[in-house]
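Read off the chains here:
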Amino acid sequence: MKEKKLKYNVAVVGATGAVGGAMLSVLERRNFPINEIRLLASERSLGKKLMFCGTEVAVQVLTKDSFKGIDIALFSAGASRSLEFAPAAAASGAVVVDNSSAFRMDPEIPLVVPEVNLHAIKQYTKRGIIANPNCSTIQMLVALKPLYDKVGIKRIVVSTYQAVSGTGAKAIEELQTQIQDYASGKTMSAKVYPHQIAFNCLPQIDSFLENGYTKEEMKMVNETRKIFEDSSIGVTATAVRVPVYFGHSEAVNVETKKKITAQEVKDLLAQSPGVQLVDDPQKGQYPLAIDCVGKFETMVGRIREDESIEKGINLWVVSDNILKGAALNAVQIAEHLISQYI
């Protein structure tokens with residue numbers, strides 16, 4: 001048996017992006033045992049330096065030879081970059097945790113939310129890659145896993161209200177510019193989104209498919225079934241982009257297999273890992289997007305029974321899409337890898 005390492009060499013691919021920066025922050029906040037941090041990005045970022053644990057670290061250009069000596073490679077540079085470079089990283093001996101959609105539905109690659117299906121991580125040995133789910137899927141399943149285990153889930157109906165940061169820095173800038181243009185009486189223009197996002201809601205996230213759903217909506221359907229390892233669950237989603245900078249919100253309606261009361265759900269979630277129960281509507285206390293920013297927990301509230309069916313529960317689920325929806329989930333996977341496997 002090889003000797004257990006005390007510290008690890010970690011690469012962050014897409015280090016100059018919003019999620020890459022959050023990955024560095026999370027690694028620092030959680031005191032991940034790092035020997036070397038290697039920051040990788042495109043040629044546009046050559047010469048940039050980022051702060052990590054009080055030290056300036058130079059950004060290097062991503063190539064297929066960038067991963068020599070790396071133990072864990074955290075990828076957040078888009079699906080095309082992941083498809084091109086993640087296999088090279090794995091071939092170099094690194095375990096890849098990929099935040100893109102590139103590998104999520106590959107049957108040989110585990111799709112992991114640590115609070116939900118931690119056992120699946122061990123499948124990483126097949127390809128050396130672990131996939132991070134879609135941000136909206138992650139927070140929903142953190143909230144629903146305790147219900148799934150307790151009473152079973154027959155059907156999920158979810159509507160999402162997703163922040164512009166899910167699209168990236170240019171979308172954040174577009175919302176800001178449109179608000180400023182509106183305030184100064186200028187004409188607002190849309191480049192990132194097909195329509196104005198300021199003061200608006202867009203019932204389209206990603207492109208439309210032949211069935212009338214968007215890719216984002218079908219990601220939630222397919223990823224939920226894979227993570228729960230249950231193809232019998234009915235899932236239908238409507239994904240909406242809203243003029244919020246950070247924090248995705250979701251209205252989730254669940255039909256359970258056995259009856260459970262709203263109070264029982266509250267008691268269950270109050271002690272569930274990764275969940276913060278915020279549910280006292282009489283005092284105006286329920287999850288808000290502005291309150292979740294910077295928090296590791298997924299906030300759940302507005303829990304009530306669905307009076308239109310016998311075994312139904314409604315929940316309002318809010319989470320920082322850059323943290324639990326991306327960076328934190330990836331680092332949690334890495335923490336389990338070093339704890340149990342490498």
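Caption draft 1: Summary view of the packing of aromatic side chains. Overall, the coordinates contain five aromatic pairs when judged by the stated rule. When the ring of F67 is compared with that of F75, the centres are 5.8 Å apart and the planes differ by 15 degrees; the resulting orientation is stacked. Judged by its relative accessible area of 0%, F67 falls in the buried class. Aromatic side chains Y148 and F228 sit 4.3 Å apart centroid to centroid with 5 degrees between the ring planes, which places their arrangement in the stacked category.

Caption draft 2: Structural detail: helix α4 (residues 135-151). If you check α4, its first and last C-alpha atoms are 25 Å apart, about what 17 residues at 1.5 Å a residue would give, namely 24 Å. Maximum bend of α4: about 40 degrees, positioned at L144, with proline P146 one to four residues after it. For α4, the buried fraction is high: 15 of the 17 residues fall into the buried class. Positive phi shows up at G152, right after α4, with a value of about 80 degrees.

Caption draft 3: Quick look at the side chain of D71. Inspection of the secondary structure puts D71 in the loop between β4 (55-61) and β5 (72-75). Filtering out sequence-adjacent residues up to four positions away, D71 remains in contact with K5, Y8, N9, G93, A94, V95 and I342.

Caption draft 4: The pattern of salt bridges, seen in detail. The full count for this structure, using the stated rule, is 13 salt bridges. The salt bridge partner of K5 is D71, with a shortest N-O separation of 2.4 Å. Of this pair, K5 sits in the segment before β1 (8-13) while D71 is found in the loop between β4 and β5, placing the two residues 66 residues apart along the sequence. Given a relative accessible area of 40%, K5 falls into the partly exposed group. With relative accessibility at 12%, the residue D71 sits in the buried group.

Caption draft 5: Quick look at the sheet that holds strand β13 (residues 312-319). Pairing within the open sheet is mixed, and its six strands lie in the order β9-β8-β10-β13-β12-β11. Two strands bound the open sheet, and with one partner strand each, they are β9 (234-241) and β11 (275-277). The mean inter-strand angle of the sheet, taken between neighbouring strand axes irrespective of direction, is 25 degrees. Here five bridges tie strand β12 (residues 298-305) to β13, and the two strands are oriented antiparallel to one another. When the sheet's bridge partners are listed, V300 is paired in β13 with V317.

Caption draft 6: Spatial organisation of the pairing of β1. For β1, the tally of buried residues reaches six of six residues, placing the bulk of the element in the interior. Taking every second residue as pointing to the same face, both faces of β1 are buried, with Y8, V10 and V12 on one and N9, A11 and V13 on the other. Two strands pair when backbone bridges link them, and β1 and strand β2 (residues 34-41) are joined in this way by six bridges, in the parallel orientation. Counted as the bridge partner of Y8 is I34 from β2. Note that the unit made of β1, helix α1 (residues 18-29) and β2 has a crossover that is right-handed. When β1 meets β5, the two strands line up parallel, connected through four bridges. Across the sheet, V13 pairs through a bridge with F75, a residue of β5.

Calculation rules
- Residues numbered from 1 in each chain as written.
- Predicted model: local features only at pLDDT ≥ 70, side-chain atom pairs only at ≥ 80, totals over all residues.
- Heavy atoms only, no water.
- Phe/Tyr/Trp six-rings, centres within 6.5 Å; stacked < 30°, edge-to-face > 60°.
- Buried < 20%, exposed > 50% of the residue type's maximum accessible area, 1.4 Å probe, protein only.
- Helix = DSSP H or I, 4+ residues; strand = E, 2+ residues; numbered from the N terminus.
- Expected span 1.5 Å × (residues − 1).
- Bend = angle between axes of the 7 residues up to and from the residue.
- Contact = heavy atoms within 4.5 Å.
- Salt bridge = Lys/Arg side-chain N within 4 Å of Asp/Glu carboxyl O.
- Pairing = 2+ DSSP bridges.
- Axes fitted to C-alpha atoms, helices over the stretch in contact; angles between N-to-C directions.
- Right-handed = clockwise from strand over helix to strand, strands pointing away.

Treat this as a map of the structure, not an account of what it does.
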